[in-house]
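Report on the structure
Each chain, letter by letter, is given below.
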Amino acid sequence: MDFLIFKAPMLMVQASLDGILLGILFALIAYGMALQWGVMNIINIAQGDLVILGGYIAYTMYLAGIHPAWGVIVSPIIMYFVGWYLYKLVINKVVDRDLFISILATFGIAIVMQQLMNFIFGADVVVAQSEYGTTMLFDNSVTLPNSKIFSAFISVLYAVGLVIYMKKSRLGRAIRATAQNARAAKILGVDTEKVYAATFGINAALCGVAGALIAITLTLHPYVGLPYTVRSFMIVIVAGLGNLPAVAISGMGLGLFEEFADYILGTEFRIGAVFMLLVFILVYRRFKLSKKREYLK
Amino acid sequence: MNKVKQKDLILYSGLIILGLAAPYLFSAFKVQLTYLCVLIVLAMTWNLQGGEMGYNTFGNILFYGLGMYLTASVQVGMFFPLAEWTESGGEKTFVHTTAQYFQGIGVGLLVSAIIPALVAGAIGYAILGLRGHYFAICTLGLGIAAGEIAGGIEIIGAGQGFTTPPFPAEIVDNEARGKFFYFLSFALLIGTFVFVKYIYGSRFKLILNAIRDNEDKAEAMGIQTMKYKITGWMCSAFFCGLAGGIMGGLIGYIDSTDVAFDGREMGVFMVLMAILGGKGTLWGPVIGATLFHFFKEGLWTLILGWQYVALGVLIVVIVIYFPEGLMGWLREKYPERFGEVIDEKDRKAQVELK
């Protein structure tokens, strides 16, 4: 093997750490997707664009002179309302329709959002500098930006907070009831319409947090939403709906895969590798499921 | 029965005459007309997949882009070293003679029809086993992955794009170039229409519909669904590849993500056009594509910069309020015209049930 990464073991450590920290961030987005997929039975193609919009909110704060890290608090609040209105405007009309309709409708939303962000924030690649510095490990052979550690920490914080909220609060219980059986929940007095709106809002808020973190750790561009959608979709398929530890683990797995693909195949194939992985996972899943098919005897 | 056939004959001959005369009548719009033909072909082949078979694909763009690259590569590679061509940006170092150009594009189109069909056959078994939205997302991923990967391959120009051979120097005349590509695409359109029309009268179409309505039941009835699904996809891929090849020659420049594997434009357009016209009808995609093209060409320049916003809003509106499309709406309104007989009692009973 003639790859640099196999010659230098420290690069592997570097890639692994990067991958795991990045993966935690992906897992947060995937958690939002799993939530709304499980509750509303909608696949949201605009998920990644919600993330990018959240990132631009943090970036705007950075331009205004506020430290972008505050974005992790401000961005979800704004994004919650964005999600809420998006639900009232479009999503409520596709909730109990065919899944393909929801895919196409959210695809339309994604296109609109991309273009509007392009108008407002410009088509340049931007980054909000957090100036957190870097941590050097192992005799300075591994560099770890502190912003990445910060982002992983905040992601875990939000995820744990949300899990507790879903378990304990009234709305959380209503959401879980609706996910189990919307009709029964309705009969028992749950305002499912409200629950759906709140779910979509919470999903958007999670995207907002993730976006603010991405603004600090990675880069923003109006048209890079779709890869985030696909990543979260992949994580959800592998982990299943509503299995949080599995979401976290497969998120980290994806992060690792990406970092290693980056080193081995080259950066220009990174996004391509992500999409190919999606295809492979789906095909693998299809063959695995087809073995389990039951026949009448 | 005879009367209906006569009416059809008049309609078809009228349309063919219109098609043949169009480049002379509207000679300023030859490129647009070529686009229209290609769009109709794409919408019709998508309809075969999404409308008849119920497999909503975003991935037909894969075959379109593949056809585009294949035609151009064959056209160049037959006479000149491909790598040097892409490196030098094309026409500066090598010049096709007239005979070479037409030979190249002929062979290229042949290849670009066959290879995508074979690719569809090869990946069909794996991909078409997916159902519903998993299939939709998987094909979306395939289309984008193809674009990203093509953007990293040096020999076909990587990120900087691939200049297709320019029209032969002896016929510099733009008129001839426009006519050549128009008639090529028109021939493709007629070929596709005849093929799809043939399918609509065959058992194959009924099998595809059975797969759409209930695949498990179709299988239980003894239909080898996988075989038919793959065949259906191969048919789509065949025509998509040809359409891509023609478009590559017309545009003259291939970029991996913006022209060839252009999921954001063509990939969405074909779905939208088929849905706008009405999924699962013969004429729906034709009408949908024509309407969409007129809408696009008419509005695009007026709302410059906002066209993608308009496109996105259009998708949302069509999908939410108009999922049956134009033909579906007409069918609801005038069922007699479609040969449906409605029992008045039955209708009343249905209304009461609601």
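Residues numbered from 1 in each chain as written. Chains lettered and ligands numbered in written order. Predicted model: local features only at pLDDT ≥ 70, side-chain atom pairs only at ≥ 80, totals over all residues.

**Quick notes on the overall build of chain B**
Secondary structure summary: chain B contains 16 helices and two strands in total. Overall, chain B is about 75 × 45 × 45 Å in size when its C-alpha atoms are taken along their principal axes. The burial tally for chain B puts 45% of its 354 residues in the buried class. Considering only residue pairs separated by 6 or more positions, chain B has 81% of its internal contacts joining residues 24 or more positions apart. (Helix = DSSP H or I, 4+ residues; strand = E, 2+ residues; numbered from the N terminus. Buried ≥ 20, exposed ≤ 12 C-beta atoms within 10 Å, placed from the backbone. Contact = placed C-beta atoms within 7 Å.)

**Let's talk about the overall build of chain A**
From N to C terminus, chain A includes 12 helices and two strands. Seen in sequence order, chain A has helices and strands lined up from the N terminus as α-α-α-α-α-β-β-α-α-α-α-α-α-α. A compact globule built from 297 residues should have a C-alpha radius of gyration of about 19 Å, and chain A, at 20 Å, falls within 12% of that. Each of the three principal axes of chain A carries a C-alpha extent, and together these read 65 × 60 × 35 Å. Classification of the 297 residues of chain A by burial places 49% in the buried group. Considering only contacts in chain A between residues 6 or more positions apart, those separated by 24 or more positions represent 77%. (Rg over C-alpha atoms; globule rule 2.2 N^0.38 Å.)

**Observations concerning helix H12 (residues 270-291) of chain A**
Across its 22 residues, H12 of chain A extends 32 Å between first and last C-alpha, which sits within 8% of the 32 Å expected from 1.5 Å per residue. Every buried residue belonging to H12 of chain A is among Ile-271, Gly-272, Ala-273, Val-274, Phe-275, Leu-278, Val-279 and Leu-282 of chain A, and all of these are buried. (Expected span 1.5 Å × (residues − 1).)

**Description of the interface of chain B and chain A**
With 31 residues of chain B at the interface, the matching set in chain A holds 32 residues. Those elements that place two or more of their residues in the side of chain B that touches chain A are helix H5 (98-127), helix H6 (132-150), helix H12 (263-277) and helix H14 (307-321) of chain B. Counting residues per element, the side of chain B that touches chain A draws most heavily on H6 of chain B, at 12 residues. Across the side of chain B that touches chain A, the residue classes break down as 22 nonpolar, eight polar and one charged. (Nonpolar A, V, L, I, M, F, W, Y, C, P; charged D, E, K, R; others polar.)

**Section: the confidence of the model for chain B**
All names here are of chain B. Considering every residue of chain B, the mean pLDDT works out to 81; 91% of them sit at 70 or more. No element of chain B has a lower mean pLDDT than helix H16 (residues 344-353), which averages 68, and none a higher one than helix H10 (residues 225-251), which averages 89. Reported for the predicted complex are a pTM of 0.85 and an ipTM of 0.82. (pLDDT = per-residue confidence, 0-100.)

**Thoughts on the nonpolar core**
Membership of the largest hydrophobic core comes to 193 residues, with the highest contact counts inside it found for Leu-28 of chain A together with Leu-42, Ala-243 and Ile-315 of chain B. Looking at this core, the element that brings in the most residues is helix H9 (residues 192-217) of chain A, giving 17 residues. The residues touching Ile-315 of chain B, leaving out its near neighbours within four places in the chain, are Leu-104, Phe-107, Gly-108 and Ile-111 of chain A together with Val-268 and Leu-272 of chain B. (Core = buried A, V, L, I, M, F, W, Y, C linked by C-beta atoms within 7 Å.)

**Some points on the environment of Ala-159 of chain A**
Residue and element names in this part refer to chain A. With respect to the helices and strands, Ala-159 occurs in helix H6 (residues 146-168). Note: C-alpha distance between Ala-159 and Val-230 (71 residues apart in sequence) is 20 Å. Leave out the neighbours within four places in its chain, and Ala-159 touches Leu-28 and Tyr-31.

**With respect to the environment of Tyr-59 of chain A**
All names here are of chain A. Counting through the fold element by element, Tyr-59 comes out in helix H3 (residues 47-63). C-alpha separation for the pair Tyr-59 and Ile-103, spaced 44 residues apart in sequence, amounts to 29 Å. For Tyr-59, the residues in contact, after removing those within four places along its chain, are Pro-68, Val-126, Ala-128, Ala-215 and Leu-220.

**What to know about the confidence of the model for chain A**
Residue-level pLDDT values for chain A average 84, and 94% of them are 70 or greater. Per-element confidence in chain A ranges from a low mean pLDDT of 63 for helix H1 (residues 4-7) of chain A to a high of 90 for H9 of chain A.

**Looking at the environment of Val-13 of chain A**
Residues and elements named next belong to chain A. Tracing the chain through its elements places Val-13 in helix H2 (residues 9-40). Given 15 C-beta atoms within a 10 Å radius, Val-13 is considered partly exposed. Spatially, the C-alpha atom of Val-13 lies 40 Å from that of Arg-176, the residues being 163 residues apart in sequence.

**Topic: the packing of H6 of chain A against helix H7 (residues 170-180) of chain A**
Relative orientation and spacing of two packed helices are given, respectively, by the angle between their axes and the distance between those axes. Residue and element names in this part refer to chain A. For the pair H6 and H7, the least separation of the axes is 5 Å and the interaxial angle reads 80 degrees. One element, H6, and the other, H7, form an angle in the roughly perpendicular class. In contact with Tyr-165, Met-166, Lys-167 and Lys-168 of H6, H7 contributes Gly-172, Ile-175 and Arg-176. Split by residue class, the contact of H6 with H7 holds three nonpolar, one polar and three charged. (Axes fitted to C-alpha atoms, helices over the stretch in contact; angles between N-to-C directions. Parallel < 35°, antiparallel > 145°, perpendicular 65-115°, else oblique.)

**Details of unusual backbone geometry**
Comment: phi is negative for the bulk of residues other than glycine, and the bulk of peptide bonds are trans. We note that Asn-41 of chain A has phi near 55 degrees; this positive angle belongs to a residue other than glycine. With 17 C-beta atoms packed within 10 Å, Asn-41 of chain A lands in the partly exposed category.

**A closer look at helix H4 (residues 71-89) of chain A**
Along its 19 residues, H4 of chain A runs 26 Å from first to last C-alpha, staying within 8% of the 27 Å computed at 1.5 Å per residue. Among the residues of H4 of chain A, Gly-71, Val-72, Ser-75, Pro-76, Met-79, Tyr-80, Val-82, Gly-83, Leu-86 and Tyr-87 of chain A are the ones counted as buried.

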